[in-house]
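Notes for the structure review
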Amino acid sequence: MPSQIVSLIVNGEQREFIAAPGATLLASLRESLGLTAAKRGCAQGACGTCTVLVDGRPEASCLVAVETVAGRSIRTLEGVAAGGELDEVQSAFVDCFATQCGFCTAGMIMVAEALLDANPEPSEEDVIEAISGNVCRCTGYRPIVIAVLEAARRRREQVVSR
Amino acid sequence: MVICAVHVPESADAAVDCLAGGGWIMGGGTVVMPLVNSGAAPVTELVSLRRAGLDGVQVRDGVATIGAAATFTAVGEQPELAFLRPALRTIASPTIRNQATVGGNLFVAQPYGDLAVCLLALDATCEIAGPDGRRAAPVADVLASGVAAGEVVVAVRVVLPQPGTWYYHKAMRRRLNSAAIVTVASVTSADGGMVDSTRIALGGVASRPVRAVSAERLLRGRPLTHEVLTEAGEAARGDIDPFDDAYASAWYRARVLPVHLRRAFLP
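These numbers were taken from a predicted model, which means no experiment stands behind them. (Residues numbered from 1 in each chain as written. Chains lettered and ligands numbered in written order. Predicted model: local features only at pLDDT ≥ 70, side-chain atom pairs only at ≥ 80, totals over all residues. Heavy atoms only, no water.)

1. Some points on the overall build of chain B
When you go through chain B residue by residue, the secondary structure sums to 11 helices and 12 strands. In summary, chain B has a C-alpha radius of gyration of 19 Å against a globular reference of 18 Å for 267 residues, a match within 12%. Taking the principal axes of the C-alpha coordinates as reference, chain B spans close to 55 × 45 × 30 Å. Relative to its 267 residues, chain B shows a buried fraction of 55%. The long-range fraction of contacts in chain B, counting pairs at least 24 apart against all pairs at least 6 apart in sequence, stands at 58%. Accessible surface, chain B as shown: approximately 11,100 Å² in total, 52% of it carbon and sulfur. Both charge centroids of chain B, one from 24 positive and one from 24 negative side chains, sit 8 Å from each other. (Helix = DSSP H or I, 4+ residues; strand = E, 2+ residues; numbered from the N terminus. Rg over C-alpha atoms; globule rule 2.2 N^0.38 Å. Buried < 20%, exposed > 50% of the residue type's maximum accessible area, 1.4 Å probe, protein only. Contact = heavy atoms within 4.5 Å. Areas by Shrake-Rupley, 256 points an atom, 1.4 Å probe, with all protein chains shown as cover. Lys, Arg positive; Asp, Glu negative; His and termini not counted. Charge placed at Lys NZ, Arg CZ, Asp CG, Glu CD.)

Okay, here's the thing in structure tokens:
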């Protein structure tokens, strides 16, 4: 089977590209669409740094053959900062020193986005479970958990002040 | 090998047709894609079930019919299957649970496959599609010998257990996202304090999920006390054939089995 044209909705925009058989969603985002926030870590689904949202739910994009999600809605870290302004999760990561080397950050933020969309008031336990598939090899888990809880607080406050 | 084609059939019958050309069935990709990514997949064609219409979860008259491509997340979201949520939470991460499928879990190597351990305890039935039509088989048979070449598990049927009869416990190295040292799942009912029927399935202690038939035999007609359960757990050592891996040694798994079998019933 030759390469084929695959169409995805990426961060709200329809994108088309040519994909070789078996190309992963991760490789397509990075190499065909130039969206390099999601990283290739283990390529086994164990590290979480390739996490993107597929129809709003986090998935390890290295485990997704891109043909199988044709037409679906993909959200990456590039689509998080509306109008170039950091959102609550991103600004909380900055303010809480939740990034060290930064390699896990894109995946961490995407699972946090999905968590807060589904559960605006997560417990610490909920946050720990949500990021349990994401490895931070700087071992900076504590500040990451604090940042996600802080982001939840900021988002709730914003909703109230609106 | 290099992948030359990924088929994305839109029905179960189309999946069977695609499979006739060889290749592997892929559910969520959590087991197949790591092999593809490392070049270790021994096939050149994949048949994805993602769009085959097999991702539904329905419950009618006390029987759940779970499509083979239903994700763990979808199973957990079905209110009538809420009894499985504690078990699902012990399997991988929420992210991987958005991808991993019920059908795929039947074919993963131990110490993975905790949902298959649950399905064995529930005495689930697999619906299988093949070139010669449909057939049904006990999940125990599928776990023991797989399906024939060209066949696809399309759904799993589970009779919902009576309230208060479901037990599950998994020993792992971390509280979340870790493979089984020992997994215990059971449907056990008692009458007047005495066990009248029991099915116990174990994970992490053999090359595939196994029934603890010796423990089941010992429990029937007796109460679920600390002593009886310890005795049953020791008897269950006769039902296992454990292995060494990075999580635990075979020796350790056999050593702690009675404790964890007891904890499934008396936490």
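Picking up after the structure, the text goes on.
2. Structural notes on the packing of helix H10 (residues 226–235) of chain B against helix H11 (residues 250–265) of chain B
Residue and element names in this part refer to chain B. Relative orientation of the contacting elements H10 and H11 amounts to 135 degrees, with a least axis distance of 8 Å. Taken together, H10 and H11 sit at an angle that is classed as oblique. In this structure, H10 meets H11 at a crossing whose hand is right-handed. Along the contact surface, H10 presents His-226, Leu-229, Thr-230, Ala-232, Gly-233 and Glu-234, while H11 presents Leu-257, Pro-258, Leu-261, Arg-262 and Phe-265. Looking at the contact of H10 with H11 residue by residue, the classes come out as six nonpolar, three polar and two charged. (Axes fitted to C-alpha atoms, helices over the stretch in contact; angles between N-to-C directions. Parallel < 35°, antiparallel > 145°, perpendicular 65-115°, else oblique. Left-handed = near helix turned anticlockwise from the far one by under 90°. Nonpolar A, V, L, I, M, F, W, Y, C, P; charged D, E, K, R; others polar.)

3. A closer look at the interface of chain B and chain A
Taken together, the contact pairs 30 residues of chain B with 30 residues of chain A. The junction of chain B with chain A conceals about 2,500 Å² of combined surface from both sides, 48% of it contributed by carbon and sulfur atoms. In this assembly, chain B and chain A are joined by five salt bridges. Counting every contact that joins chain B to chain A gives 13 residue pairs in polar contact (both at pLDDT 80 or more). Those elements that place two or more of their residues in the side of chain B that touches chain A are strand E1 (5–7), helix H2 (32–37), helix H3 (72–77) and helix H5 (94–97) of chain B. In terms of residue count, the dominant contributor to the side of chain B that touches chain A is H5 of chain B (four residues). (Buried area = accessible area lost by both parts, 1.4 Å probe. Salt bridge = Lys/Arg side-chain N within 4 Å of Asp/Glu carboxyl O. Polar contact = N/O pair within 3.5 Å; in protein donor to acceptor, adjacent residues only side chain to side chain.)

4. A word on the side chain of Thr-24 of chain A
Position of Thr-24 of chain A relative to the elements: it lies in the loop between strand E2 (13–19) and helix H1 (25–32). A polar atom in the side chain of Thr-24 of chain A sits 2.9 Å from the backbone nitrogen of Ala-27 of chain A. Dropping the residues within four chain positions of it, Thr-24 of chain A is found in contact with Ser-61, Cys-62, Val-64, Ala-65 and Val-66 of chain A together with Met-33 and Asn-37 of chain B.

5. Describing the domain arrangement of chain A
All names here are of chain A. On domain assignment, one finds that chain A holds domain 1 (4–79) and domain 2 (82–161). One C-alpha centre belongs to domain 1, the other to domain 2; they are set 21 Å apart. Taken together, the 16 residues of domain 1 in the interface contact 14 residues of domain 2. Each partner contributes to the roughly 1,100 Å² buried at the junction of domain 1 and domain 2, and carbon and sulfur atoms together form 64% of this total. Taken as a group, Thr-49, Thr-51 and Leu-77 account for 39% of the area that domain 1 buries against domain 2, more than any other trio of residues on that side. Summed over the shared surface of domain 1 and domain 2, the result is four residue pairs in polar contact (both at pLDDT 80 or more). (Domains from an automatic or database assignment.)

6. Comments concerning the sheet that holds strand E5 (residues 63–67) of chain B
Residue and element names in this part refer to chain B. Read across the open sheet, the five strands follow the order E4-E5-E8-E6-E7; overall the sheet is antiparallel. Here the strands that pair on one side only, and so sit at the sheet edges, are strand E4 (57–60) and strand E7 (133–138). Each neighbouring strand pair of the sheet contributes to a mean axis angle of 20 degrees, computed without reference to strand direction. Bridging between E5 and strand E8 (residues 152–159) involves five bridges; their strand directions are antiparallel. Bridge assignment links Val-63 to a residue of E8, and that residue is Val-159. Sitting on the sheet, helix H1 (residues 12–19) touches strand E6 (125–130), E7 and E8, and the angle it makes with E8 is about 135 degrees. (Pairing = 2+ DSSP bridges.)

7. Some words on the pairing of E4 of chain B
All names here are of chain B. One ladder, built from four bridges, connects E4 with E5; its direction is antiparallel. Looking at E5, one finds that Gln-58 is bridged to Thr-65. Here E4 folds back onto E5, and the loop between the two strands holds two residues, one of which, Asp-61, carries a positive phi near 50 degrees.

8. Quick notes on H11 of chain B
All names here are of chain B. Helix length check: H11, at 16 residues, gives a terminal C-alpha distance of 23 Å against a target of 22 Å (1.5 Å per residue), a fit within 8%. Along H11, the sharpest kink reaches roughly 45 degrees, centred on Leu-257 and followed within four residues by the proline Pro-258. Looking only at H11, the buried set comprises Ala-250, Arg-253, Ala-254, Val-256, Leu-257, Pro-258, His-260, Leu-261, Arg-262, Ala-264 and Phe-265. Its buried side turned inward, H11 meets strand E9 (166–171), strand E10 (182–191), strand E11 (194–203), helix H9 (213–219) and H10. (Expected span 1.5 Å × (residues − 1). Bend = angle between axes of the 7 residues up to and from the residue.)

9. Focus: the side chain of Thr-183 of chain B
Residue and element names in this part refer to chain B. With respect to the helices and strands, the residue Thr-183 is situated in strand E10. Residue class for Thr-183 comes out buried when judged on its relative accessible area of 0%. At a separation of 2.7 Å, a polar atom in the side chain of Thr-183 contacts the side chain of Asp-114.

10. Here we look at unusual backbone geometry
The amide bond that connects Gln-110 of chain B to the next residue, Pro-111 of chain B, takes the cis arrangement and shows omega of 15 degrees. Residue placement: Pro-111 of chain B occurs in the loop between helix H6 (102–105) and helix H7 (114–121).

11. A word on the domain arrangement of chain B
Residue and element names in this part refer to chain B. Taken domain by domain, chain B holds domain 1 (5–48), domain 2 (57–159) and domain 3 (166–265). Computed from C-alpha coordinates alone, the two centres of domain 2 and domain 3 are separated by 20 Å. Listed by partner, the interface residues are 23 residues for domain 2 and 29 residues for domain 3. Here domain 2 is connected to domain 3 by one salt bridge. One salt bridge in this structure joins Lys-170 and Asp-114, with 2.7 Å as the shortest N-O distance. Where domain 2 meets domain 3, there are nine residue pairs in polar contact (both at pLDDT 80 or more). Mapped by element, the contributors of at least two residues to the side of domain 2 that touches domain 3 are helix H4 (85–89), H7 and helix H8 (139–145). Ranked by residues supplied to the side of domain 2 that touches domain 3, first place goes to H7 with six residues.

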